[in-house]
Amino acid sequence: MNLYLRYFDRETLVSTVDEAIEFLRSIDEIEMNPLLEADIREYAASEVFYPKRYKIHPRVYFIIIKTEAATMQDFKDKKALHPISEMDAKAPVPALVRLNEIRPGWYEGIVDFKRVLLVPGTGKFQYRDTQFVARVKAVSGMECYERIIDHLRDKVDERSQFPSAKGKNFKFRYLGKAKDQIDE
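Cut-off values and rules
- Residues numbered from 1 in each chain as written.
- Predicted model: local features only at pLDDT ≥ 70, side-chain atom pairs only at ≥ 80, totals over all residues.
- Heavy atoms only, no water.
- Core = buried A, V, L, I, M, F, W, Y, C linked by side-chain atoms within 4.5 Å.
- Buried < 20%, exposed > 50% of the residue type's maximum accessible area, 1.4 Å probe, protein only.
- Helix = DSSP H or I, 4+ residues; strand = E, 2+ residues; numbered from the N terminus.
- Contact = heavy atoms within 4.5 Å.
- Pairing = 2+ DSSP bridges.
- Axes fitted to C-alpha atoms, helices over the stretch in contact; angles between N-to-C directions.
- Salt bridge = Lys/Arg side-chain N within 4 Å of Asp/Glu carboxyl O.
- Phe/Tyr/Trp six-rings, centres within 6.5 Å; stacked < 30°, edge-to-face > 60°.
- Lys NZ or Arg CZ within 6 Å of the ring centre and 35° of its normal.

Student: Mind laying out the nonpolar core, listing which residues take part and the relevant values?
Tutor: Within soluble globular proteins, side chains that are nonpolar tend to cluster in buried spots. Core analysis: the largest hydrophobic core is formed by 19 residues, its most contacted members being Leu5, Leu24, Ile30, Ile40, Phe62 and Ile64. Elements that contribute at least two residues to this core include exactly strand S1 (2–7), helix H1 (17–25), helix H2 (34–45) and strand S4 (60–67). If you tally residues by element for this core, the top one is H1, at five residues. Among all residues touching Leu5, those that are not within four sequence positions of it are Arg10, Glu11, Thr12, Val14, Ala20, Phe23, Leu24, Ile63 and Ile64. Core analysis: the second largest hydrophobic core is formed by 17 residues, Val111, Ala138, Ile149 and Phe162 among them.

Encoded structure:
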């Protein structure tokens, strides 16, 4: 594993952490200290492959990128990109993609929303975190969301606040096809 480092127009590709630290020490603006050195060593030893950015001054950074590239030209040509591991390839499909996937059947939707309720005795209203769970027949996760929200708008105070279908306060899962759809 090699390390690519860049500070403005100064850049290098090194094969060891010691070479990386030596490169950074050669730049006057970067004040190497034991904490920074330890953090760079920890990053290089970790399984993390995303680039790491270090702040020098306000809006002034240097970056370190792990790479399999053997030469600077290979790095520039992106010939040594980190291969996708089997775990990454089997990663779950993001909820936003699943939200619009057409899959007719039954869905269970969970909505966490702010419900307006009257406080007995004071006559004032307050917001309360409320969770609503429903099973609905729909063709997608988005239709499941829309049907649940339409139902709630008719049942709760109009000042209640509903989350976006794309946010963390709406979850859904596909339960399966309806009986009449299986027979078709």
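After presenting the structure, the write-up continues.
Student: Lay out the environment of Leu36 in plain terms, naming residues and giving numbers.
Tutor: Residue position: Leu36 is located in helix H2. Under the relative-accessibility criterion, Leu36 is labelled buried at 15%. Spatially, the C-alpha atoms of Leu36 and Ile21 are 9.4 Å apart, while their sequence positions differ by 15 residues. Not counting residues within four places of it along the chain, the set of residues in contact with Leu36 comprises Ile30, Glu31, Tyr54 and Phe62.

Student: Which residues make up the sheet that holds strand S2 (residues 10–14), and what values do they have?
Tutor: The four strands are arranged S2-S1-S4-S3 in an open sheet whose pairing can be described as antiparallel. Each edge of the sheet is formed by a strand with only one pairing partner; in this case those strands are S2 and strand S3 (52–57). Within the sheet, the average angular offset between the axes of one strand and its neighbour, ignoring direction, is 15 degrees. Where S3 meets S4, five bridges bridge the pair, whose relative direction is antiparallel. Its bridge partner being in S4, Arg53 is matched across the sheet by Ile63. Each of S1, S3 and S4 touches H2; the most contacted strand, S4, lies at about 30 degrees to it.

Student: Describe the pattern of salt bridges, naming the residues involved and giving the relevant values.
Tutor: All told, the structure shown has nine salt bridges when counted by the stated rule. The closest approach of N and O atoms between Glu37 and Arg41, which form a salt bridge, is 3.1 Å. With a gap of four residues between them, Glu37 and Arg41 both fall in helix H2, about one helical turn apart. On the basis of relative accessible area, Glu37 is assigned to the buried category, the value being 19%. Between Arg159 and Asp157 there is a salt bridge, and its shortest N-O distance comes to 3.0 Å.

Student: Break down the packing of aromatic side chains for me, citing the residues and quoting the values.
Tutor: Across all of its chains, the model carries eight aromatic pairs by this definition. Taking 4.2 Å as the distance between ring centres and 20 degrees as the angle between the ring planes, the aromatic pair formed by Tyr4 and Phe75 counts as stacked. Placement of the pair is Tyr4 in strand S1 and Phe75 in helix H3 (residues 72–76), with a sequence separation of 71 residues. Residues Tyr4 and Phe75 agree in their burial class; the two are buried. Note on Tyr54 and Phe62: the rings are 5.0 Å apart at their centroids and 15 degrees apart in plane angle, and the pair reads as stacked. Note on accessibility: Tyr54 and Phe62 belong to one class, buried. The ring centre of Tyr43 lies 5.0 Å from the NZ or CZ of Lys66, which sits over that ring. Above the ring of Phe172, the side-chain terminus of Arg98 is found at 4.7 Å from the ring centroid.

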